[in-house]
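Single-letter residue listing:
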Amino acid sequence: MGLRAARVLPLALLLASATLATPAAAQSATPTSTATATATPTDPFRDREDRMAVLVDRARAANGLLPLARSPELDRAALEHAQDMAAQGYMEHEAPDGSTPGSRARREGYNAPPGSGWMAIETISAISDAPEGALGWWLGDGIHRRVVLRATWRELGIAYVAGGPYGRFWVALFGCRPNVLPPVLLDGVLSIPDETCDHADGVFGSAQSIRVGDRGDTARAAGWEAYAPQRPWPAGRPATVLYQDAGGHQLEARAADPTGAAAEPAGN
């Protein structure tokens, strides 16, 4: 298929598709807890999008990468753009109103502490109604594959919309931002990300140690152990991770599966 059916900016222009929030004067930021994704109320294709998120994460796992957590902010930004492309009949990363993947993500609340950096990069497809078809094209094309399988990402937004000149649009938004380290439950494994997005002053640094439990109180009561990115975890059991960096800063994050649910269903 040609670029009319699946689009991503060339590698030389990826930083134009990304947004780097780097004000001149850095301010201190307090690490905060992460939030799990919730369904967008006006989205009738959530089940299909959830399937795409699971497939993306399994593709990453098969290539030795950590899966991505669902971000409600990136979901909303992706859905906004998919609906706009279907309504106005175009297929571009920059919308007629001048918005970009980064500005749409920021508009939906995907922000970072002042003085730190963050990124949001987008892929688009109109090849297939089935998530397997769209993802198969992305993974089969060199540029798209490098976006989907980039190690930096920690969060994902997915949108599918029926209509428009090609019959449908898929939009995937990949992002990372400081102070947000969302663990992911997938196929009996708890994946625990580390800080690789930014190392600005005043934000959480690389994880040195972790505490893990099925709830916040049990995680806080557990002993500290050296950071490790993955461990077996029973399906149906929720998880909470408490992180600590070399400076003693701590973050607490509740795990979710790729759909945003707090526990992976047994037999998923």
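Higher on the page you've got the structure.
Residue indices begin from 1 for each chain and proceed along its sequence in written order. Totals for whole chains, interfaces and linings use every residue, but because this is a predicted model, local features are given only for residues with pLDDT of at least 70 and side-chain atom pairs only at 80 or more, for both listing and counting. Values shown for side chains rest on all heavy atoms present in the structure; no hydrogens or waters enter the calculation.

Caption draft 1: Spatial organisation of the side chain of Arg211. Structurally, Arg211 is set in strand β8 (residues 207-213). The buried label goes to any residue with under 20% of its type's maximum accessible area, the exposed label to any with over 50%, and the partly exposed label to all in between, with areas taken from a 1.4 Å probe on protein chains only. Counting rule for charge: Lys and Arg are taken as positive, Asp and Glu as negative, and neither His nor the chain ends is counted. When a carboxyl oxygen of Asp or Glu lies within 4 Å of a side-chain nitrogen of Lys or Arg, that pair is called a salt bridge. Despite its burial, Arg211 pairs with no opposite charge; the closest candidate is Glu225, at 8.5 Å N-O. For the purposes of these results, a polar contact is taken to be a pair of N or O atoms within 3.5 Å, where, inside protein, one atom must be able to donate a hydrogen and its partner to accept one; residues adjacent in sequence count only when each atom of the pair is a side-chain atom. Only 2.9 Å separates the side chain of Arg211 from the backbone oxygen of Ala222, close enough to count as a polar contact. Contacts are assigned to residue pairs that have any heavy atoms within 4.5 Å of one another. Beyond its immediate stretch of four places on either side in the chain, Arg211 contacts Ala219, Arg220, Ala222, Gly223, Trp224, Thr240, Val241 and Leu242. Secondary structure elements are defined from DSSP: runs of H or I of at least 4 residues count as helices, runs of E of at least 2 residues count as strands, and each element is numbered from the N terminus.

Caption draft 2: Quick peek at unusual backbone geometry. For Asn179, which is not glycine, the phi dihedral falls at a positive 70°. Checked against the element boundaries, Asn179 lands in the loop between β5 (168-176) and β6 (184-186). A relative accessible area of 3% means that Asn179 is categorised as buried. A positive phi angle, near 55°, is found at Asp187, a position not held by glycine. Looking at the element boundaries, Asp187 is found in the loop between β6 and β7 (189-191).

Caption draft 3: Looking closely at the nonpolar core. Here, nonpolar core refers to any group of buried Ala, Val, Leu, Ile, Met, Phe, Trp, Tyr and Cys residues whose side-chain atoms link them within 4.5 Å. Ranked by internal contacts, the top residues of the largest apolar core, which has 26 residues, are Met52, Leu135, Trp138, Val148 and Phe174. Those elements that place two or more of their residues in this core are α2 (46-62), β3 (119-125), α5 (131-140), α6 (142-148), β4 (155-162) and β5. Leaving out residues up to four positions away in the same chain, Leu135 has contacts with Met52, Leu55, Val56 and Val148. By size, the runner-up hydrophobic cluster in this structure holds 21 residues, among which are Tyr90, Ala95, Trp118 and Ile124.

Caption draft 4: Focus on the pairing of β3. For β3, a buried count of 7 out of 7 residues is recorded, marking the element as mostly surrounded by other parts of the structure. Side chains of β3 alternate between two faces, with Met119, Ile121, Thr123 and Ser125 and Ala120, Glu122 and Ile124 buried alike. By the convention used here, strands pair only if DSSP detects at least 2 bridges between them. Sheet topology places β3 next to β5; 7 bridges connect them, and they run antiparallel. Across the sheet, the residue bridging to Met119 is Cys176, located in β5.

Caption draft 5: Inspection of the sheet that holds strand β10 (residues 230-232) at higher detail. With antiparallel pairing, the 3 strands of this open sheet are ordered in space as β6-β7-β10. Lying at the two open borders of the sheet, with one neighbouring strand each, are β6 and β10. When strand polarity is set aside, the average angle formed by the axes of neighbouring strands in this sheet is 25°. In this structure, β7 lies alongside β10, joined through 3 bridges in antiparallel fashion. By the bridge assignment for β10, Ser191 is matched with Gln230. Lines are fitted to the C-alpha atoms to define the axes, a helix being fitted only along its stretch in contact, and any angle between axes, read from their N-to-C directions, falls within 0 to 180 degrees.

Caption draft 6: Summary view of helix α3 (residues 72-88). By definition here, a helix of n residues has an expected span of 1.5 Å times n minus one. Helix length check: α3 (17 residues) gives 24 Å between terminal C-alpha atoms against 24 Å at 1.5 Å per residue, within 8%. Among all positions of α3, only Pro72, Glu73, Leu74, Asp75, Ala77, Ala78, Leu79, His81, Ala82, Met85 and Ala86 are buried. Against α2, β2 (69-70), α4 (101-107), β3, β4 and β5 lie the buried residues of α3. Of the residues trailing α3, Gly89 is marked for its positive phi of about 70°.

Caption draft 7: Examining the sheet that holds strand β9 (residues 225-226) more closely. Strand order in the open sheet formed by 4 strands is β9-β8-β11-β12, and the pairing between neighbours is antiparallel. Of all strands in the sheet, those bounded by a partner on one side alone are β9 and β12 (250-254). In terms of strand pairing, β8 meets strand β11 (residues 240-245) through 6 bridges, oriented antiparallel. Bridging across to β11, Ala207 finds its partner in Asp245.

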